[in-house]
Amino acid sequence: MSESKETKTRTIAVDLIARVEGEGALRVTVKDGVVQDVELRIFEPPRFFEAFLVGRHYDEVPDIVARICGICPVAYQMSAVHALEQIFAVSVEGALRDLRRMIYCGEWIESHTLHVYMLHAPDFLGYASAIAMAKDHPEIVTRGLRLKKAGNALMTLLGGRSVHPVSVKVGGFSRVPLRRELEGLKEELLWARDAAVETVRWVAGFDYPDFAQDYTFVALRPPDEYPFNEGPILSSGGVKISAVEFEHHFREEQAPYSTALQCRLNGASYLVGPLARLNLNHDHLSPLGKLALADTRLSLPLCNPFHAIVARSVEILYAIEETLRIIDRYEPPPSPSVPVTVRAGTGMACTEAPRGILYHRYRVDGDGLIREAKIVPPTSQNQRRIEEDLRAYLPSVLDLSNEQAAMGCEKVIRCYDPCISCATHFLKLDIQRDR
Amino acid sequence: MSDKNKVKPLVTPMRPKLGIFKFASCDGCQLSILNLEDDLLALGQALDIAYFPEASSDMREGPYDIALVEGSITTPEDAHRILSVREQATVLITIGACATAGGIQALRNWADVDAFKRAVYPSPQYIQSLSTSTAISEHVRVDFELWGCPIDKAQLLRVLTDLLAGVQPRLPTHSVCIECKRREIVCVMVAKGIPCLGPVTRTGCGAICPSMGRDCYGCFGPAEGMHEGPGLPPNTASLAKEFHQRLNLIPVEVLRRFRGINGAVKPFREESQAWERNEA
């Protein structure tokens, strides 16, 4: 093709994507009205976790991996302890297993509410931030803050604090709550349950762009419960594997313009996170969750990335109900943890971080020292899919100004609640920031 | 340490302009700001939050009356960017272990980073990362340091309200042990023989770890010497000796205790290096 004088190259750029965790940028090139390159650039500096875990003792791992992410530390701790317990043939059952679900519920409530109310809703209502939104909608923002606080209270009771909890260990916890401490949370959780129902109703009423995509959904799918810590990995394309087989099917590839790797399932992009979980596990929702979802009048499967805020809200409701259910049947275990006998080996585990499946693999020697670590966070798995969404979305905004088109693209990216801090801990490449 | 924490009383405009900046970190300290929940909206009224990309797409340029800085310096461009943050800020406060001490990612400081890159990276020629992770104060003047991994949100609120009131902010610098005694928590080291960093770690968390039945792992950084006076290092050598002689930790285990979340800050760094020599 010859270059004509009329050939026009246009660049749509977002230098720093706002209201996401961590730092990323977007660069789109359009030539003669046709989208050429879509590059979601992650310029978080590498922090080398997988490298410096090597040589540390296994019991230090939960404290270290929590620092990969301040927003979802429980997810890192849970994937790590499950992988290590596989090596030591430790089985955590009963009340201890329930408490692990419960602390994960706390993280989902806190993280999802942060995203729904403070990071995402401003897009639908036309504000720059939740604080700006509070001027016109004080009661809504206050409800969101209180709901988020309920999640934090749960994490704080079980973990000592909500950012980087300290009680999670291989074999269980360093301390478990008393019955009356859990009972003390009930009143606020009952309020939170109603607030979560209101939240689903509220977000279902937003104005959504008509933007259905053809996704391969990937989530854990346990036989009889909504997924947190266990379950085979299921894809809507028919893959059903255990976490042990993860690396046979999922491969990370390097994109030269981003400092994060991109993960593919048998060579193709896929989607993890609330939409994928809900689509694959809606039959495991609690009765109230099913009802709230039905009331939205959205038909399953949900294939519009903008509906992720609905899925997230339904999951907040589920997590609250699950917590209440666990509190009602809680009998403190005889010991806060089960004994662990160190042995050498390799273990793999996958759990459901708020943003999707999080895979860990560790190799441990006979002294309990880590010899190898591999971590695949959810945002690296979604990164390819975000770019494909943007490709599909861009034609609808090309008539707009660069600034407005960029704003539209940012909204697509925010549907994913991308956690860029998480996505870059395993970076294999670090390129100068594009200025 | 302590002369850094003398802030010139802020000649505050009615609603000081606040900027929140991120370098290499997990975002947990910024999340602690959002976790202020009950006080967040009031904070938004008392301060003009002009730059906080994590929470707002309204990003306004400086100068800022107060800059909160999260994260450590790990890349050449970040070493450059912090200079511009400093230029734009009247008062610069580091929040958290990464910004104040280099953070967990400073564990790279002991690695042979070139060999490390060649071993780990398929294309080491692209690696622009610095061979170290360093605290903000190693690059620019810092007016106040808020310790913790993550910071304690009540401490942050206190520092901000002090600044708004034109008062020199002050936070306790004594050890976690004092906090344990106040809370009547049974000593995990004396009662259970668990090697605990509480005696040399700065208070501020509320002695969370011992209250959860485990050892303190030093996430609030070094306390200041209790007998010798504020500004002086804690007695890490004595504690390390206790770990080794009474609790039977081998030298590399003593080393690992000190080389953690705040491993790069002087008292902990020097103690871990002393045990590296013992090991060799």
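Whatever comes next refers back to the structure up there.
What this report covers is the structure whose coordinates are included nearby. (Residues numbered from 1 in each chain as written. Chains lettered and ligands numbered in written order. Predicted model: local features only at pLDDT ≥ 70, side-chain atom pairs only at ≥ 80, totals over all residues. Heavy atoms only, no water.)

## A closer look at the sheet that holds strand E5 (residues 144–146) of chain B
Residue and element names in this part refer to chain B. Short version of the rule: Pairing between two strands is assigned when DSSP locates at least 2 bridges connecting them. Each helix is a run of H or I in the DSSP string that is no shorter than four residues. Each strand is a run of E no shorter than two, and both are numbered from the N terminus. To obtain an axis, a line is fitted to C-alpha atoms, over the contacting stretch when the element is a helix, and the angle between two such axes runs from 0 to 180 degrees between their N-to-C directions. Whether two residues touch is decided by their heavy atoms; if any such pair falls within 4.5 Å, the residues are in contact.
The five strands lie next to each other as E2-E1-E3-E4-E5, forming an open sheet whose pairing is parallel. Each having just a single partner strand, strand E2 (48–51) and E5 make up the two edges of the open sheet. Here the average twist between neighbouring strands, direction ignored, is 25 degrees. Judged from the three bridges that link them, strand E4 (residues 89–95) and E5 form a sheet pairing that is parallel. Bridge pairing in E5 places Ile95 opposite Leu146. Against the sheet, helix H3 (residues 76–88) makes contact with strand E1 (17–22), strand E3 (64–70) and E4, and its axis sits at roughly 130 degrees relative to E4, the strand it touches most.

## Considering the sheet that holds strand E6 (residues 218–220) of chain A
Residues and elements named next belong to chain A. In spatial order, the strands read E6-E7-E8; together these three strands make up an open sheet with antiparallel pairing. Of all strands in the sheet, those bounded by a partner on one side alone are E6 and strand E8 (240–241). Here strand E7 (residues 233–235) runs beside E8; their pairing, made up of two bridges, is antiparallel. Within E8, the residue paired with Ile233 across the bridge is Ile241.

## With respect to the layout of surface pockets
The following threshold applies: Any residue with an atom within 4 Å of a point lines the site, the site being either a cavity, points on a 1 Å grid over the protein atoms alone where a 1.4 Å probe fits but cannot get out, or a pocket, an open set with protein on both sides within 12 Å along at least 5 of 7 lines. Grid points are joined across faces, edges and corners, and a volume is the space filled by probe spheres set on the points. All residues other than Ala, Val, Leu, Ile, Met, Phe, Trp, Tyr, Cys, Pro, Asp, Glu, Lys and Arg, Gly among them, are scored as polar; the first ten of these are nonpolar and the last four charged.
Reported here for the second largest pocket is a volume of approximately 930 Å³. Along the walls of the second largest pocket sit 38 residues, with A:His57, A:Asp59, A:Glu60, B:Asp215 and B:Arg257 positioned nearest its centre. Sort the elements by how many residues they give to the lining of the second largest pocket and helix H11 (residues 251–258) of chain B lands first, with four residues. Tallied by class, the residues present in the lining of the second largest pocket amount to 20 nonpolar, seven polar and eleven charged.

## Structural notes on the packing of aromatic side chains
Heads up, the condition is: Two rings belonging to Phe, Tyr or Trp (six-membered ring only in the last case) form a pair when the distance between their centres is within 6.5 Å. Interplanar angles under 30 degrees mark stacking, angles over 60 mark edge-to-face geometry, and anything in between is tilted. Throughout, exposure labels follow a simple rule: accessible area from a 1.4 Å probe, protein chains only, divided by the maximum for the residue type, with under 20% read as buried, over 50% as exposed, and the rest as partly exposed. Criterion for a charge above a ring: Lys NZ or Arg CZ within 6 Å of the ring centre, and within 35 degrees of the ring normal.
Applying the stated criterion across every chain, the model contains 24 aromatic pairs over all chains. Measuring from ring centre to ring centre gives 4.8 Å for A:Tyr58 and A:Phe88, while their planes differ by 65 degrees; the resulting arrangement is edge-to-face. Separated by 30 residues along the polypeptide, A:Tyr58 in the loop between helix H1 (49–52) and helix H2 (61–65) and A:Phe88 in helix H3 (residues 73–88) bring together distant segments of the chain. Relative accessible area serves as the criterion here: at 10%, A:Tyr58 is assigned to the buried category. Between A:Phe206 and A:Tyr208, the ring centres sit 6.5 Å apart and the planes meet at 40 degrees, which makes this aromatic pair tilted. Of the two residues, A:Phe206 and A:Tyr208, neither departs from the other in class, the shared state being buried. Ring pairs connect the aromatic residues A:Tyr104, A:Trp108, A:Tyr226, A:Phe228 and A:Tyr318, which therefore count as one cluster. Positioned above the aromatic ring of A:Trp202 is the side chain of A:Arg143, whose terminal nitrogen or guanidinium carbon lies 5.7 Å from the ring centre. Here the guanidinium or amino end of B:Arg81 rests over the ring plane of B:Phe23, the centre of that ring lying 4.0 Å away.

## Comments concerning empty space enclosed by the protein
All chains considered together, the criterion is met by six cavities of 30 Å³ or more. Lining the largest cavity are 14 residues, and of these A:Glu23, B:Lys22, B:Gln30, B:Pro53 and B:Glu54 sit closest to its centre. Looking at the lining of the largest cavity, the element that brings in the most residues is E1(B), giving three residues. In terms of residue class, the lining of the largest cavity is built from seven nonpolar, two polar and five charged.

## Remarks on helix H10 (residues 287–295) of chain A
Residue and element names in this part refer to chain A. Worth spelling out the cut-off: Directions drawn from the helix axis to the C-beta atoms are what define this arc.
Along H10, the residues that are buried comprise Gly289, Ala292 and Leu293. Viewed along the axis of H10, the buried residues span an arc of 100 degrees, placing them on a single side of the element. Pointing more than 90 degrees away from the buried face of H10 are the exposed residues Pro287, Leu291, Ala294 and Asp295. In this fold, the buried residues of H10 make contact with helix H7 (179–204), helix H9 (274–281) and helix H11 (308–329). In the segment just after H10, Arg297 is the residue with positive phi, at about 60 degrees.

## Examining the pattern of salt bridges
Residue and element names in this part refer to chain A. So the rule is basically this: Salt-bridge detection follows one rule: a side-chain nitrogen of Lys or Arg within 4 Å of a carboxyl oxygen of Asp or Glu.
Considering all chains together, one arrives at 48 salt bridges over all chains under this definition. Linking Arg414 and Asp123 is a salt bridge whose minimum nitrogen-to-oxygen distance equals 2.8 Å. On the criterion of sequence distance, the pair formed by Arg414 in helix H13 (residues 402–415) and Asp123 in helix H4 (residues 94–125) is long-range, its members being 291 residues apart. Exposure remark for Arg414: the relative accessible area of 2% places this residue in the buried category. Exposure remark for Asp123: the relative accessible area of 9% places this residue in the buried category. Here Arg201 and Glu198 are joined by a salt bridge, their closest N and O atoms 3.2 Å apart.

## Quick notes on the nonpolar core
Going by this rule: We call a set of buried Ala, Val, Leu, Ile, Met, Phe, Trp, Tyr and Cys residues a nonpolar core when their side-chain atoms join them within 4.5 Å.
With 198 residues, the main nonpolar core has A:Leu84, A:Tyr362, B:Ile33, B:Leu68 and B:Ile93 as its most contacted residues. In this view, A:Leu84 contacts A:Tyr58, A:Val61, A:Val170, A:Tyr362, A:Val364 and A:Ile370; residues no more than four positions away in its chain are not counted. Grouped together as the second largest cluster of nonpolar side chains are 19 residues, B:Phe21, B:Tyr64, B:Val69 and B:Ile73 included.

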